[in-house]
Amino acid sequence: MAKIEFDPAIRSISKGLGNFVYSSSRGQSLIRKRPVKAAYVTPGQVRHRAVFGAAARLWGMLPDAVKDSWGKLSAGTDLTEFNIFMAFNMGCIKAGKPMIASQGTGLDAPEISAASENAGEITLSCPAQNPPLYLSLVLQTVSEKGRIEFAAAGTDLTDSQITLSGLASGTEVTVYAVFSDKPMAHAGKISESQSVMVKVK
């Protein structure tokens, strides 16, 4: 703890300034470092941050046309597409449900199914469409530490059967699928996202 000798123009100093606290004791002015309170994070805060981070990571994986689809729910409010997306999907995660990647903008899409019959592979199937629709995919997995991770698995796919390979056996994967009437960068309409869950053989 330091002692201070003032210039005659300054008689005393008290309270705090920056990281230091000033006080007087027995006629002497003293300075000490402001005590730092130990940061305490509750389990609830940890969980909330993890949920927020997971939803934000999915948002970061989505094409612009998919992000824009949330605009129909934010219209007439002060909320952005991101705000609406986060509110929806943080609720989904907390309820233990798959997230929602997109809001439909007028495109009815076929139902997609997923199976894993070969080691390290997932096969996605849907009825063939004429004219063909374009399919964009994002995969969700959970790391050994419980962190929800995402990876883009393809954009503008047109086959009615798609095989994804190179996956870790035993991994539980959630596939998010969004159909569009044109390649995603030029899409006029997109579908509401579908999600299918499958365990990799």
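One can find the structure itself at the top, above this paragraph.
Note that the coordinates shown come from a computational prediction; the quantities given were computed from them, not determined experimentally.

S.K.: What's the story with the sheet that holds strand β10 (residues 172–180) in this structure? I'm lost.
M.R.: Note on sheets: strands pair through backbone hydrogen bonds, and any given pair is parallel or antiparallel. The strand order across the open sheet built from four strands is β8-β7-β10-β11, with neighbouring strands paired in antiparallel fashion. Across the chains shown, the open sheet's two edge strands, defined by having one partner strand only, are β8 (148–157) and β11 (194–199). Strand-to-strand twist across the sheet, computed as the mean angle between neighbouring axes with direction ignored, equals 20 degrees. Relative to β11, β10 runs antiparallel, the two sharing six bridges. When the bridges of β11 are listed, Thr174 appears paired with Met197.

S.K.: Explanation requested: the packing of aromatic side chains in the structure shown.
M.R.: Aromatic ring pairs: the centre-centre distance and the angle between the two ring planes describe each pair. If you walk through the whole model with that rule in mind, you get four aromatic pairs. Seen from their ring centres, Trp70 and Phe85 are 5.3 Å apart, and the 85 degrees between their planes marks the pair as edge-to-face. Taken together, the residues span a long stretch of sequence, with Trp70 in the loop between α2 (64–68) and α3 (71–74) and Phe85 in helix α4 (residues 81–94) at a distance of 15 residues. Each member of the pair, Trp70 as well as Phe85, is classed as buried. Note on Trp70 and Phe88: the rings are 5.4 Å apart at their centroids and 70 degrees apart in plane angle, and the pair reads as edge-to-face. Of this pair, Trp70 sits in the loop between α2 and α3 while Phe88 is found in helix α4, placing the two residues 18 residues apart along the sequence. Using a relative accessible area of 0% as the deciding quantity, one classes Trp70 as buried. Phe88 sits in the partly exposed class, given a relative accessible area of 38%.

S.K.: Mind showing me how you'd approach the environment of Lys199 here?
M.R.: In this fold, Lys199 is placed in strand β11. Look at Lys199 and you get exposed, because its relative accessible area is 52%. Beyond its immediate stretch of four places on either side in the chain, Lys199 contacts Ser116, Gly170, Thr171 and Glu172.

S.K.: Would you mind showing me how to read empty space enclosed by the protein here?
M.R.: Leftover empty space is mapped by rolling, across the atoms, a probe with the size of a water molecule. On inspection of all chains with the given rule, the structure shows one cavity of 30 Å³ or more. What the largest cavity holds in volume is close to 50 Å³. Secondary structure elements with two or more residues in the lining of the largest cavity: β7 (134–142) and β10. If you tally residues by element for the lining of the largest cavity, the top one is β7, at three residues. Of the residues contributing to the lining of the largest cavity, the split by class is nine nonpolar, one polar and no charged.

The rules we used
- Residues numbered from 1 in each chain as written.
- Predicted model: local features only at pLDDT ≥ 70, side-chain atom pairs only at ≥ 80, totals over all residues.
- Heavy atoms only, no water.
- Pairing = 2+ DSSP bridges.
- Helix = DSSP H or I, 4+ residues; strand = E, 2+ residues; numbered from the N terminus.
- Axes fitted to C-alpha atoms, helices over the stretch in contact; angles between N-to-C directions.
- Phe/Tyr/Trp six-rings, centres within 6.5 Å; stacked < 30°, edge-to-face > 60°.
- Buried < 20%, exposed > 50% of the residue type's maximum accessible area, 1.4 Å probe, protein only.
- Contact = heavy atoms within 4.5 Å.
- 1 Å grid on protein atoms, 1.4 Å probe; cavity = no way out; pocket = protein on both sides within 12 Å on 5 of 7 lines; lining within 4 Å.
- Points joined across faces, edges and corners; volume = space filled by probe spheres on them.
- Nonpolar A, V, L, I, M, F, W, Y, C, P; charged D, E, K, R; others polar.

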